[in-house]
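Descriptive analysis of the structure
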Amino acid sequence: MRGKDNLRSAAEVLVDQLRIHGVQHVFCVPGESYLAVLDAFHDSELTVTVCRQEAGAAMMAEAVGKVTGRPGVCFVTRGPGATNAAHGIHIARQDSSPLVMFVGQVARDTREREAFQEVDYRAVFGAMTKWTTEIDDPARVPELVSRAFYTAANGRPGPVVIAIPEDMLVERVAVADAPPYAPIETSPGPAEMAKFAEMLGATRSPIILLGGSRWSQAASDRLGHFAQKYSLPVATTFRRGSVFDQTHPCYAGDLGIGPNPKLLERIKSSDLVIMVGGRLGELPSQGYTLFDIPRPQTTFVHVHPGAEELGRVYSPHLAINATPTAFTAALEQLKFPRAPSGDANGAHADYLQWTDKPTAQPGGVNFGAVMVWLRENLPADAILCNGAGNYAAWIHRFFRFRRFASHVAPASGSMGYGVPAAVAMKRLYPDRPVVCIAGDGDFLMNGQEFATAVQYNLPFTIIIVDNGMYGTIRMHQEREYPGRISATELRNPDFPAYARAFGGFGVSVERTEDFPAAFKQAVASGKPAIVHLAIDGEAITPTTTLAKIRAKAMAEKGG
Ligand SMILES: Cc1ncc(C[n+]2csc(CCOP(=O)(O)OP(=O)(O)O)c2C)c(N)n1
Ligand SMILES: [Mg+2]
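Residues numbered from 1 in each chain as written. Chains lettered and ligands numbered in written order. Predicted model: local features only at pLDDT ≥ 70, side-chain atom pairs only at ≥ 80, totals over all residues. Heavy atoms only, no water.

What follows deals with the environment of Glu510. With respect to the secondary-structure elements, Glu510 resides in the loop between strand 19 (505-509) and helix 20 (515-524). Separated by 268 residues in the primary sequence, Glu510 and Ser242 place their C-alpha atoms 30 Å from one another. Every residue in contact with Glu510, bar those within four places of it in the chain, is listed here: Gly364, Val365 and Ala534. (Helix = DSSP H or I, 4+ residues; strand = E, 2+ residues; numbered from the N terminus. Contact = heavy atoms within 4.5 Å.)

Here we come to unusual backbone geometry. In this chain, Ile293 is followed by Pro294 through a cis amide linkage whose omega measures 5 degrees. Along the polypeptide, Pro294 turns up in the loop between strand 12 (272-276) and strand 13 (299-304). The phi angle at Arg214 is positive, at roughly 65 degrees, despite the residue not being glycine. Following the sequence through the fold, Arg214 ends up in the loop between strand 9 (206-210) and helix 9 (217-230). In this structure, Ser231 is a non-glycine residue whose phi angle is positive, near 55 degrees.

Near ligand 1 lie 18 residues; those nearest to it are Asn390, Gly413, Asp440, Asp442 and Gly471. Measuring from an oxygen atom of ligand 1, one finds a backbone N or O atom of Asp442 at 2.8 Å. Contact distances for ligand 1 include 2.7 Å between an oxygen atom and a backbone N or O atom of Gly471. Burial of ligand 1 by the protein chains amounts to 78% of its free accessible area of 580 Å². Of all elements in the fold, only helix 16 (440-446) and helix 18 (471-480) reach the threshold of two or more residues within the shell around ligand 1. Among the residues forming the shell around ligand 1, the class breakdown is seven nonpolar, nine polar and two charged. (Near = heavy atom within 4 Å. Polar contact = N/O pair within 3.5 Å; in protein donor to acceptor, adjacent residues only side chain to side chain. Areas by Shrake-Rupley, 256 points an atom, 1.4 Å probe, with all protein chains shown as cover. Nonpolar A, V, L, I, M, F, W, Y, C, P; charged D, E, K, R; others polar.)

Below, the discussion takes up the nonpolar core. Judged by nonpolar contacts, the single largest core of 88 residues is most densely connected at Phe196 and Ile462. Sort the elements by how many residues they give to this core and helix 3 (residues 54-68) lands first, with nine residues. If we skip the residues at most four places from it in the chain, Ile462 touches Val419, Cys436, Ala438, Phe443, Phe450, Ala529, Ile530 and Val531. One finds Tyr34, Trp131, Ala148 and Leu169 within the second-largest nonpolar core, a separate group that totals 35 residues. (Core = buried A, V, L, I, M, F, W, Y, C linked by side-chain atoms within 4.5 Å. Buried < 20%, exposed > 50% of the residue type's maximum accessible area, 1.4 Å probe, protein only.)

Quick look at the coordination of the magnesium ion (ligand 2) now. Surrounding the magnesium ion (ligand 2) are the protein donor atoms Asp440 (OD), Asn467 (OD1) and Met469 (O), at 2.0 to 2.2 Å. Given a relative accessible area of 2%, Asp440 falls into the buried group. (Donors = N, O, S within 2.8 Å, 3.2 Å for Na, K, Ca; no water.)

Moving on to the pattern of salt bridges. Inspection of every chain in the model, using the stated rule, returns 24 salt bridges. The salt bridge partner of Glu309 is Arg156, with a shortest N-O separation of 3.0 Å. Residue Glu309 is located in the loop between strand 13 and strand 14 (318-321), and its partner Arg156 is located in the loop between helix 6 (141-153) and strand 7 (159-165); the two are separated by 153 residues in the primary sequence. According to the relative accessible area criterion, Glu309 is buried, its value standing at 7%. Here Lys552 ties to Glu556 by a salt bridge, and the two come within 3.5 Å at their closest N and O atoms. Taken together, the positions of Lys552 and Glu556, both in helix 21 (residues 546-558) and four residues apart, correspond to about one turn of that helix. Ionic contacts of the salt-bridge type, sharing partners, join the residues Arg8, Asp16 and Asp177 into one network. (Salt bridge = Lys/Arg side-chain N within 4 Å of Asp/Glu carboxyl O.)

The next thing to look at is empty space enclosed by the protein. Counted under the stated rule, the structure contains one cavity of 30 Å³ or more. Estimates place the volume of the largest cavity at around 40 Å³. Lining of the largest cavity is provided by Pro379, Ala380, Ala382, Phe399, Arg400, Phe401, Arg402 and Ser406. Of the residues belonging to the lining of the largest cavity, the class tally is five nonpolar, one polar and two charged. (1 Å grid on protein atoms, 1.4 Å probe; cavity = no way out; pocket = protein on both sides within 12 Å on 5 of 7 lines; lining within 4 Å. Points joined across faces, edges and corners; volume = space filled by probe spheres on them.)

In a beta sheet, neighbouring strands are held together by backbone hydrogen bonds and run either parallel or antiparallel to one another. Taken together, the six strands give an open sheet; going across it, the order is 11-10-9-12-13-14, and neighbouring strands pair in parallel fashion. Both outer strands of the open sheet, strand 11 (251-255) and strand 14, are each paired with one neighbouring strand and no more. In this sheet, adjacent strand axes meet at a mean angle of 20 degrees when their direction is disregarded. Taken strand by strand, helix 10 (residues 261-268) contacts strand 9, strand 10 (234-237), strand 11 and strand 12, and its axis lies near 100 degrees from that of strand 11. (Pairing = 2+ DSSP bridges. Axes fitted to C-alpha atoms, helices over the stretch in contact; angles between N-to-C directions.)

Looking now at the pairing of strand 19. Extensive coverage of strand 19 is indicated by the burial of four of its five residues. Relative to strand 20 (residues 529-534), strand 19 is paired through five bridges, and the arrangement is parallel. Residue pairing for strand 20: Val509 is matched across the bridge by Leu533. Crossover handedness for the path strand 19 to helix 20 to strand 20: right-handed. (Right-handed = clockwise from strand over helix to strand, strands pointing away.)

Considering all chains together, one arrives at 25 aromatic pairs under this definition. An angle of 80 degrees between the planes, with centres 4.8 Å apart, marks the rings of Tyr251 and Tyr351 as edge-to-face. Placement of the pair is Tyr251 in strand 11 and Tyr351 in helix 12 (residues 344-355), with a sequence separation of 100 residues. Residue classification places Tyr351 among the buried residues on the basis of a relative accessible area of 3%. Judged by centre distance (5.9 Å) and plane angle (75 degrees), the ring pair of Phe450 and Phe502 falls under edge-to-face. Taken together, the positions of Phe450 in helix 17 (residues 450-455) and Phe502 in the loop between helix 19 (495-501) and strand 19 put the pair 52 residues apart, joining distant regions of the chain. Given the relative accessible area of 0%, Phe450 is considered buried. Exposure remark for Phe502: the relative accessible area of 28% places this residue in the partly exposed category. Through a chain of ring-to-ring contacts, the aromatic side chains of Phe443, Phe450, Phe495, Tyr498 and Phe502 assemble into a single cluster. Looking at Arg397, its charged tip hangs above the ring of Trp354, at a distance of 3.5 Å from the centre. The aromatic ring of Tyr429 is capped on one face by Arg432, whose charged end is 4.9 Å from the ring centroid. (Phe/Tyr/Trp six-rings, centres within 6.5 Å; stacked < 30°, edge-to-face > 60°. Lys NZ or Arg CZ within 6 Å of the ring centre and 35° of its normal.)

Another point: the environment of Asn390. One can find Asn390 in the loop between strand 15 (383-386) and helix 14 (392-398). Classification of Asn390 by relative accessible area gives buried; the value is 14%. Put simply, Asn390 and Asp109 are 281 residues apart on the chain and 50 Å apart in space, counted from C-alpha to C-alpha. What Asn390 contacts, discounting residues up to four positions off in sequence, is Thr472, Met475, Ile540 and Thr541.

On their own, these measurements won't tell you what the molecule is for.
Right under this line is the structure:
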């Protein structure tokens, strides 16, 4: 409660700073360590989402950062709250998403005694974040929160952790608010753009790869116009499919796990590879095999918002330190000594051929056919959320994202992300259809956030792709240790009954042809819903079965 002394508690100052920096949503699990902040929420205009586990809260905040480009915010308690939330911090780090996490801390006069749930946050989160700090002085709350927002969002975005001692939060101070932080767009210099025009004009088979963060719908559209003007093929890297309109005539496909072999060939034989926004990490680089390290064998242009990422793994022939938004704006002004041209038509035809029809699969439900149905029936503004597992291969291959940030999934391959991400998306965009796709293993890592969806009446549908196993690991097992199944089988609950027990809607599907009606029923229920798909465990990828992988591995080991 605000006092009559014209002073504010540090907690009130903190909550006021959030509003000033444009925060609308906070996600939390409460703790006695930050009661004063919870009280300040009471009088604020912030929309608070109380979660069931801190990983869920941190992932929701990360998802907000991912789609808006502005730091998502979560609050967790000390010790176990903070360590639970570490999962979301890791995602924000690897996915380059702006996130500010506040952690309640023990009182200042008990620090260093290993007081109840005391953690040294700088030591624990120091290596996982862009910055970790603790606020000791209430008068410095505006300064340090402002720095947190700039740090999380600048350059290559990432997580910031701020510990807030409980006794500091109740101290009253007279302090001025900080001005709102503003995102900083790093623009490319004219010399780099001239060099870029010269290099691109001199090539015959260029390809553009898109990834990373700091994109926007406008940046994606500008890149689309540029690519179309010069017929340049554009591929997206792992889990960044919605950075580009996949129905665009220049779209060449997804460079992630199990990519189209023709796309890989195209990249390998290209004479200029232009990576915009992303890091070209382990998955898109096909386990660091696609290009030589440090100097790629193909002429390589790297455009990245973080100066420290340029030359980190690959030594580019041309490095441009710019955000995708500023770089694509500069593309519009580009003057070519010789106009470039590429084979966008061929690349897009390869993409269509690879993704058009679902592949044949063992079992009653063909998940590829389900994805094709969703692709044809969901509106362009629908948002798909997922975590990690082999099931995601069908999303990458058969769905077509049309709008920027309509795919919210971890490039860092974290299981358990889809449900919290879907909660966050429905909180942010109540009018957009949201669909979460989860594996059976994946779902139960954060399935408890289904209760959060019910609590806030968030009607989205979760499709659980249930093959009764940690399929990805089983696949690796069959490859490396054929026939020796170890710790990958799952005995699952009755998922539709789980949904009903929480107050949602649940239905099970055993044949492909029953999916459309079940999905429509789920949406029509107006509740958070689970559509459970009974998948044959043999259908391990869109192109092969477990039995085939095992037989191949046995033949190789036997020979
Ligand atoms: C948090 C986390 N723990 C473990 C893993 C390792 N891992 C990757 S995929 C996978 C299995 C996923 O199983 P499921 O969700 O059922 O999907 P499936 O592969 O069966 O389609 C595991 C355990 C991970 N990526 N993230
Ligand atoms: Mg599974």
